Amino acid sequence: MTPSIAATQQLRHQLRQQIRHARRQLSAQQQQHAAQQLSLRLQTLDHIQHSQHIAVYIANDGEIDPQPFIEWLWQQGKSVYLPVLHPFSKGHLLFLHYDATTPMTTNRYQIHEPKLDVRRVKPIAELDVICTPLVAFDNNGQRLGMGGGYYDRTLSQWHQHRRGPYPIGIGHDCQYIPQLPNQQWDVPLPIIITPNHQFIEA
Ligand SMILES: Nc1ncnc2c1ncn2[C@@H]1O[C@H](COP(=O)(O)OP(=O)(O)O)[C@@H](O)[C@H]1O
Ligand SMILES: [Mg+2]
């Protein structure tokens, strides 16, 4: 029997709590090492080497830190973008160009984001790659986020028509779960990179 939506939601909630706790337990040294290893792995991917416009995020809540990777992208002359909560369209993200001089602010989730400036907005369709944060992932590329559905919405065009930026999930090895309970709106990722592994490549 398929579990009810309520039971699935309850299980997803528990998994989010459990894995967010585990990643927050990582020491500063473990986080730094993980961030360096992740950067090295990402640098070798064709999708990164052949792309110019790459979206990442600012780490929060024990997430793996893309900062060393961002520094490398800048050194390579690539353009880096960060997500910003859309000011009017609830549940949606905008992506803004990010460099070392970008004025930053804190959003309602206490996450750092660029100050909204329309001149810096990059249409999602013009991004080449989006490195997506995640709370948990599984063997099939399924992804559990923080519960806002932001990346499911951002990636729905890619999911339905294979149009738009290629998503690369990034996380710690401890965020792996063999099989996640999914919902119909979840967008599975074609590839997930951790400091020690590469999972699937569809
Ligand atoms: N493409 C979409 N269009 C509309 N609503 C969506 C879409 N994707 C997700 N949602 C909504 O976002 C909410 C959170 O999604 P969920 O998958 O639980 O979060 P997350 O992906 O952050 O773990 C759900 O209530 C879902 O209905
Ligand atoms: Mg989802």
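Residues numbered from 1 in each chain as written. Chains lettered and ligands numbered in written order. Predicted model: local features only at pLDDT ≥ 70, side-chain atom pairs only at ≥ 80, totals over all residues. Heavy atoms only, no water.

Which residues make up the overall build of the protein chain, and what are the values?
Within the protein chain one finds 6 helices and 12 strands. Relative to a compact globule of 202 residues, whose C-alpha radius of gyration would be 17 Å, the protein chain shows 16 Å and is just as compact. Expressed as lengths along the three principal axes of its C-alpha atoms, the size of the protein chain is roughly 50 × 40 × 35 Å. Taking all 202 residues of the protein chain together, the buried fraction comes to 48%. Partitioning the contacts of the protein chain with sequence separation of at least 6, the portion at a separation of at least 24 is 69%. With an accessible surface of roughly 10500 Å², the protein chain has 50% of that area assigned to carbon and sulfur atoms. A gap of 6 Å separates the mean positions of the 17 positive and 15 negative side-chain charges of the protein chain. (Helix = DSSP H or I, 4+ residues; strand = E, 2+ residues; numbered from the N terminus. Rg over C-alpha atoms; globule rule 2.2 N^0.38 Å. Buried < 20%, exposed > 50% of the residue type's maximum accessible area, 1.4 Å probe, protein only. Contact = heavy atoms within 4.5 Å. Areas by Shrake-Rupley, 256 points an atom, 1.4 Å probe, with all protein chains shown as cover. Lys, Arg positive; Asp, Glu negative; His and termini not counted. Charge placed at Lys NZ, Arg CZ, Asp CG, Glu CD.)

Lay out the sheet that holds strand S10 (residues 166–170) with the relevant residues and their values.
Within the open sheet, the 8 strands sit side by side as S6-S3-S2-S1-S7-S10-S11-S12. Their pairing is mixed. Of all strands in the sheet, those bounded by a partner on one side alone are strand S6 (121–122) and strand S12 (198–201). Sheet analysis places strand S7 (residues 129–132) next to S10, joined by 4 bridges and oriented parallel. Looking at the pairing, valine 129 lines up with tyrosine 166 of S10. (Pairing = 2+ DSSP bridges.)

Let's hear about the UniProt feature "binding site: substrate" (unreviewed entry) in the protein chain: which residues, and what values?
Under the local residue numbering, the UniProt record ascribes the feature "binding site: substrate" (unreviewed entry) to Ile58 and Glu63. Those annotated residues lining the largest pocket are, specifically, Ile58 and Glu63. Relative to the assigned elements, isoleucine 58 resides in the loop between strand S1 (53–55) and helix H4 (67–75). Among the secondary structure elements, glutamate 63 is positioned in the loop between S1 and H4. The contacts of glutamate 63, once residues within four sequence positions are left out, are Arg23, Gln31, Tyr57, Ile58, Pro133 and His172. (UniProt positions renumbered as here; feature names shortened; annotations may be inferred. 1 Å grid on protein atoms, 1.4 Å probe; cavity = no way out; pocket = protein on both sides within 12 Å on 5 of 7 lines; lining within 4 Å.)

Report on the side chain of arginine 12, specifying residues and quantitative values.
The residue arginine 12 is located in helix H1 (residues 5–24) in this model. Overall, arginine 12 belongs to the buried group, its relative accessible area being 4%. A distance of 2.9 Å separates the side chain of arginine 12 from the backbone oxygen of proline 181, its partner in a polar contact. Each residue touching arginine 12, except ones within four places of it in the same chain, is listed here: Leu144, Pro181, Asn182, Gln183, Trp185 and Asp186. (Polar contact = N/O pair within 3.5 Å; in protein donor to acceptor, adjacent residues only side chain to side chain.)

Explain the environment of valine 129 to me, and be specific about the residues and the numbers.
Looking at the secondary structure, you find valine 129 in strand S7. Between the C-alpha atom of valine 129 and that of histidine 53, which follows or precedes it by 76 residues, the distance is 6.7 Å. Those residues in contact with valine 129 that sit more than four places away from it in its chain are His47, Ile48, Ser51, His53, Ile54, Ala55, Pro165, Tyr166 and Ile168.

Before we move on, could you go through the packing of helix H2 (residues 28–43) against H4 and cite the residues and values that matter?
Two elements in contact, H2 and H4, have axes separated by 7 Å at closest approach and are oriented at 40 degrees. One finds that H2 runs oblique with respect to H4. Of the residues in H4, those touching H2 at Ala35, Gln36, Ser39, Leu42 and Gln43 are Pro68, Phe69 and Trp72. A per-class count over the contact of H2 with H4 returns 5 nonpolar, 3 polar and no charged. (Axes fitted to C-alpha atoms, helices over the stretch in contact; angles between N-to-C directions. Parallel < 35°, antiparallel > 145°, perpendicular 65-115°, else oblique. Nonpolar A, V, L, I, M, F, W, Y, C, P; charged D, E, K, R; others polar.)

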